[in-house]
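In case you want the letters, here they are:
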Amino acid sequence: MIRITPSILNADFTRLRDEIARIPSADAIHLDVMDNHFVPNLTFGLSVVQALSGATSAPLDVHLMIEDPDRWAPAYAEAGAQSVTFHIEAARAPVRLAQELRARGARVGVALNPATSAEMVAGILGEVDVVLVMSVEPGFGAQPFLDLVLPKVAALRRMIAAGSREVWLQMDGGVSLETIGRCVEAGADTFVAGSAVFRADDPDQMVCQLRAAAQASLIG
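About the thresholds
Within any chain, residue numbers begin from 1 and follow the written order of that chain's sequence. Reporting of local features is limited, given that this is a predicted model, to residues whose pLDDT is at least 70; pairs of side-chain atoms are given and counted only at 80 or more, and all residues count toward the totals for whole chains, interfaces and linings. With hydrogens and water excluded, all non-hydrogen atoms of the structure serve as input to the side-chain values. To qualify as a helix, a DSSP run of H or I must reach at least 4 residues; to qualify as a strand, a run of E must reach at least 2; elements of each kind are numbered from the N terminus. Remark: exposure states derive from per-residue accessible area (1.4 Å probe, protein chains only) relative to the maximum for the residue type, with buried under 20%, exposed over 50%, and partly exposed in between. What makes two residues a contact is simply this: any of their non-hydrogen atoms within 4.5 Å. A residue counts as positive if it is Lys or Arg and as negative if it is Asp or Glu; His and the chain ends are not included. Just so you know, the charge point we use is NZ for Lys, CZ for Arg, CG for Asp and CD for Glu. Both cavities and pockets are sets of points on a 1 Å grid over the protein atoms alone; in a cavity a 1.4 Å probe fits but cannot get out, in a pocket the set is open with protein on both sides within 12 Å along at least five of seven lines, and lining residues sit with an atom within 4 Å of a point. Grid points are joined across faces, edges and corners, and a volume is the space filled by probe spheres set on the points. By convention a nonpolar core is built from buried Ala, Val, Leu, Ile, Met, Phe, Trp, Tyr and Cys residues, the set being connected through side-chain atoms within 4.5 Å. Axis definition: a line fitted to C-alpha atoms, limited for helices to the stretch in contact. Angles are taken between N-to-C directions and run from 0 to 180 degrees. Any angle between 65 and 115 degrees counts as roughly perpendicular, while under 35 counts as roughly parallel, over 145 as roughly antiparallel, and the rest as oblique. When the near helix sits turned anticlockwise from the far one by under a right angle, the crossing is termed left-handed; a clockwise turn instead gives a right-handed crossing. Any carboxyl oxygen of Asp or Glu within 4 Å of a side-chain nitrogen of Lys or Arg constitutes a salt bridge here.

Q: Hey, could you run me through the overall build of the protein chain in this one?
A: Looking only at helices and strands, the protein chain has 8 helices and 8 strands in total. The C-alpha extent of the protein chain, read off along each of the three principal axes, is 45 × 40 × 30 Å. The buried share among the 220 residues of the protein chain stands at 55%. Partitioning the intrachain contacts of the protein chain with sequence separation of at least 6 by distance along the chain shows that 62% fall at a separation of at least 24. For the protein chain, the distance from the average site of its 17 positive side-chain charges to the average site of its 26 negative ones is 4 Å.

Q: I tried to follow unusual backbone geometry on my own but got confused; where do I start?
A: Excluding glycine, residues mostly carry a negative phi; peptide bonds, for their part, are mostly trans. Located in the positive-phi region is Asn-36, a residue other than glycine, with phi close to 65 degrees. Among the residues examined, Asn-36 registers a relative accessible area of 45% and is labelled partly exposed. Backbone geometry places Asp-68, a non-glycine residue, at a positive phi of 60 degrees. Turning to its location among the elements, Asp-68 is positioned in the loop between strand 3 (60–65) and helix 3 (69–78). Classification of Asp-68 by relative accessible area gives partly exposed; the value is 23%.

Q: Any chance you could explain the layout of surface pockets here in plain terms?
A: Sizing a probe to match a water molecule and rolling it over the atoms shows the empty space that remains. Within this model, the largest pocket holds a volume of roughly 180 Å³. Residue lining of the largest pocket: 14 residues in total, with Ala-28, Asp-61, Ser-83, Arg-107 and Trp-168 positioned closest to the centre. Those elements that provide at least two residues to the lining of the largest pocket are strand 3 and strand 7 (168–172).

Q: Sorry if this is basic, but what is going on with the side chain of Gln-170 here?
A: Its location among the elements puts Gln-170 in strand 7. Owing to a relative accessible area of 2%, Gln-170 belongs among the buried residues under this scheme. Not counting residues up to four positions away in its chain, the partners in contact with Gln-170 are Thr-5, His-30, Asp-61, Val-130, Val-131, Leu-132, Val-133, Thr-190, Phe-191 and Val-192.

Q: Sorry, what's going on with the nonpolar core here?
A: Side chains that are nonpolar tend, in soluble globular proteins, to be buried together. Counting residues in each nonpolar core, the largest one holds 68 residues, and the members touching the most others are Ile-8, Ile-29, Leu-31, Val-84, Val-131, Met-171 and Phe-191. Of all the elements, helix 5 (residues 150–162) adds the most residues to this core, at 5 residues. Contacts of Ile-8, omitting those with residues within four sequence positions, involve Phe-13, Leu-16, Ile-20, Ile-29, His-30, Leu-31, Phe-44, Leu-52 and Phe-198.

Q: Would you mind showing me how to read the packing of helix 3 against helix 4 (residues 94–103) here?
A: The relative placement of two packed helices comes down to the angle between their axes together with the axis-to-axis distance. As a packed pair, helix 3 and helix 4 sit with axes 9 Å apart at the nearest point and diverge in direction by 15 degrees. In this view, helix 3 runs roughly parallel relative to helix 4, as classed from their interaxial angle. Seen along the crossing, helix 3 lies across helix 4 with a hand that is right-handed. On the side of helix 3, the interface is formed by Pro-69, Asp-70, Ala-73, Pro-74 and Ala-77, while helix 4 contributes Leu-97, Glu-100 and Leu-101.

Q: How should the pattern of salt bridges be read in this particular structure?
A: When the charged atoms of two side chains lie near each other, side chains of opposite charge can form a pair. This model, assessed by the stated rule, comprises 11 salt bridges. Notably, a salt bridge pairs Arg-22 with Glu-19, separated by 2.8 Å at the nearest N-O pair. A relative accessible area of 31% places Arg-22 in the partly exposed class. You can call Glu-19 buried: its relative accessible area is 4%. Residues Asp-27 and Arg-211 are paired through a salt bridge, measuring 2.8 Å at the closest nitrogen-oxygen approach. One end of the pair, Asp-27, is in the loop between helix 1 (16–21) and strand 2 (29–34); the other, Arg-211, is in helix 8 (residues 203–219), and 184 residues separate them in sequence. For Asp-27, a relative accessible area of 27% gives the class partly exposed.

What follows is the structure in C-alpha cells.
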C-alpha cells in the first residue's frame, strides 16, 4: 500500500490549519521537529503539535530531528501524535524508547540519516512500525534527492521481508513526481513530500498525482 504524508515544512506557518485542509487526500500530516542542535535548523515543538492535534482529524506523523529523544519523544505521543519517529543516531536506548512510545498509543518510527547504514536498525526492527530513510541531509526542505540512499532502501526492504512484523518503509527528502518511482522500485511504500506538495498550484491534486505515480511503479 502506498502512503503520502506531506510535510508542513514548506507550508504557510501563519495559517497551518488552512494549509492542512488543502490536502484532504493525504494519509497523514508529517511534522518535522528540529532543535538547531541535532540538525542546523529550528522549527517548532510540542505546543504546535498539541495545537494541531486539536485542529485536524488527520493523523499526525511527528519526525523528531532532535537531541535526547529518549527524554522528549514520549511527550509527543501524549500530545496527540499518532506516529512518532526518532533518529537512531540520537537515541541512547532505542528499544526502551520504542516500548515507551507504544505504551502511549503511538506507532513507532526510527529514522536514518543518509550516511547511516541499514545495519544500524537491524536490532530494532522487531520493535518499530516505520523505518524512515532520509534522502537528503536533514535540516532544510527543498533539497535535491540523493540517489545514493536507494541501495540502503533495498537492503532495508530485504531485512523487513525477512522478519515477521509489518514495517512501513518511509522516505523523506526530495520526493517528487520525478523521484518517487525510483523509491518504490527500491522498496519504499510511504513518502514524505514537502515542497512538491505545498509549492504546487493544487496541493491535494499533487498528493493524488504522487500516489498514482508510486502505484504505477509498484504495478510495473
